[in-house]
Amino acid sequence: MYTTSHVNLPQDAREELIDMLNTLLANAIDMHWQVKQAHWNIRGTHFYSRHLLFDEVAKHARKHADSYAERAGALGGYAQGTIRLATNNSQLPEYDLQAVDGEAHIRALVERVGRYAASLRDGIDKSEEANDPVTADILTQTLGETEEDLWFLESHLNGDVRAGVTMPPKGGNRRGRQAEDISQATT
Ligand SMILES: [Fe+2]
């Protein structure tokens, strides 16, 4: 559902951006609660530091969700931000419900945060193609924060990152195809 907007972009470009922002909103909401699942259920060595780290990552996702929803509004759209809508629209896999020890949670999160980051990089490409530097800038900010979180998580694995992660290409832009190639080469 769309409404009018005086943002100086063609209607079809705005609608594509709004749909993309709603997909990222679903990803962020899904990721927020998945990281909370890890925050609540992690056990074992380094419990306290990992418990706190996961809460920081979850807070970031929650903040990102707000940015995507409000940018969709600014472009003349409506946010699709309920839990049920997010469940339907998210591109992330369900959390690893068998994870108990710290390493299993870290691996599960590296995979999901990596996929979320890949969806943001894809979103930046789409924003640039739609000539919208404002959305590209919002996504660049959230991608930077997400990739830093990814580094914090990956650093617990001593360089053994078997959870190769990228989004399947949608519509296939150049960077998306490269990402898929990297994924296939490392799995
Ligand atoms: Fe907590």
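Residues numbered from 1 in each chain as written. Predicted model: local features only at pLDDT ≥ 70, side-chain atom pairs only at ≥ 80, totals over all residues. Heavy atoms only, no water.

1. Quick notes on unusual backbone geometry
For residues other than glycine, phi is negative in most cases, and the peptide bonds are mostly trans. Positioned with a positive phi, His46 is a non-glycine residue whose angle comes to about 60°. Residue placement: His46 occurs in the loop between α1 (11-41) and α2 (47-74). At Asn131, a position not held by glycine, the phi torsion is positive, near 55°. Here Asn131 is to be found in the loop between α4 (102-129) and α5 (133-154). Of the residues examined, Asn131 reaches a relative accessible area of 60% and is grouped as exposed. (Helix = DSSP H or I, 4+ residues; strand = E, 2+ residues; numbered from the N terminus. Buried < 20%, exposed > 50% of the residue type's maximum accessible area, 1.4 Å probe, protein only.)

2. Here we look at α2
Taking 1.5 Å of rise per residue, the 28 residues of α2 would be expected to cover 40 Å, and the 41 Å separating its terminal C-alpha atoms lies within 8% of that figure. Phi turns positive, to about 95°, at Gly76, one or two residues after α2. (Expected span 1.5 Å × (residues − 1).)

3. A short note on the pattern of salt bridges
Within the structure shown, the criterion is met by eight salt bridges. Ionic pairing is found between Arg115 and Glu111, a salt bridge with its closest N-O pair at 3.0 Å. Here the residue Arg115 and the residue Glu111 both occupy positions in helix α4, the gap between them amounting to four residues, near one helical turn. Overall, Arg115 belongs to the partly exposed group, its relative accessible area being 22%. Taking relative accessible area as the criterion, Glu111 reaches 22% and is therefore assigned partly exposed. (Salt bridge = Lys/Arg side-chain N within 4 Å of Asp/Glu carboxyl O.)

4. Quick word on the nonpolar core
The biggest cluster of nonpolar side chains holds 44 residues, and the ones touching the most others in it are Met31, Phe54, Tyr68, Leu139 and Leu153. Looking at this core, the elements that each hand over two or more residues are α1, α2, α4 and α5. For this core, the element with the most residues is α1, which contributes 13 residues. Once residues within four sequence positions are removed from consideration, Met31 is found in contact with Val57, Ala61, Leu92, Arg112, Val113 and Tyr116. (Core = buried A, V, L, I, M, F, W, Y, C linked by side-chain atoms within 4.5 Å. Contact = heavy atoms within 4.5 Å.)

5. Looking at the confidence of the model for the protein
Should pLDDT be low for a region, the predicted coordinates there are not to be read in detail. On average, residues of the protein score 88 in pLDDT, and 84% of them are at 70 or above. Every residue in residues 164-169 scores below 50 in pLDDT, and together they form 17 contacts with partners more than four places removed in sequence or on other chains. The low-confidence segment residues 171-187, where pLDDT is below 50, has 13 contacts with residues more than four positions distant or belonging to other chains. (pLDDT = per-residue confidence, 0-100.)

6. With respect to the environment of Asp137
Note on placement: Asp137 falls in helix α5. Under the relative-accessibility criterion, Asp137 is labelled partly exposed at 42%. Counting along the chain gives 13 residues from Asp137 to Ile124, while the straight-line C-alpha distance between them is 7.9 Å.

7. Notes on the side chain of Ser90
Looking at the element boundaries, Ser90 is found in the loop between α3 (83-89) and α4. Within the local environment of Ser90, its side chain forms a polar contact with the side chain of Asp30, the two groups lying 2.6 Å apart. In this structure, Ser90 is in contact with Ala26, Asn27 and Asp30, ignoring residues within four places of it in sequence. (Polar contact = N/O pair within 3.5 Å; in protein donor to acceptor, adjacent residues only side chain to side chain.)

8. Observations concerning the environment of Thr82
Following the sequence through the fold, Thr82 ends up in the loop between α2 and α3. Sequence spacing of Thr82 and Ala26 is 56 residues, and the spatial spacing of their C-alpha atoms is 8.6 Å. Engagement of the side chain of Thr82 in a polar contact is seen with the backbone nitrogen of Leu85, the distance being 3.1 Å.

9. What to know about a negative patch on the surface
Among the surface-exposed residues, Asp12, Glu16, Asp19 and Glu129 lie close enough to one another that they form a single negatively charged patch. Looking at which element gives the most residues to the negative patch, the answer is α1, with three residues. The topology assignment puts Glu16 in helix α1. A relative accessible area of 59% means that Glu16 is categorised as exposed. (Patch = residues over 30% accessible without salt bridge, like charges linked within 9 Å, V, L, I, M, F, W, Y side chains within 5 Å. Areas by Shrake-Rupley, 256 points an atom, 1.4 Å probe, with all protein chains shown as cover. Lys, Arg positive; Asp, Glu negative; His and termini not counted. Charge placed at Lys NZ, Arg CZ, Asp CG, Glu CD.)

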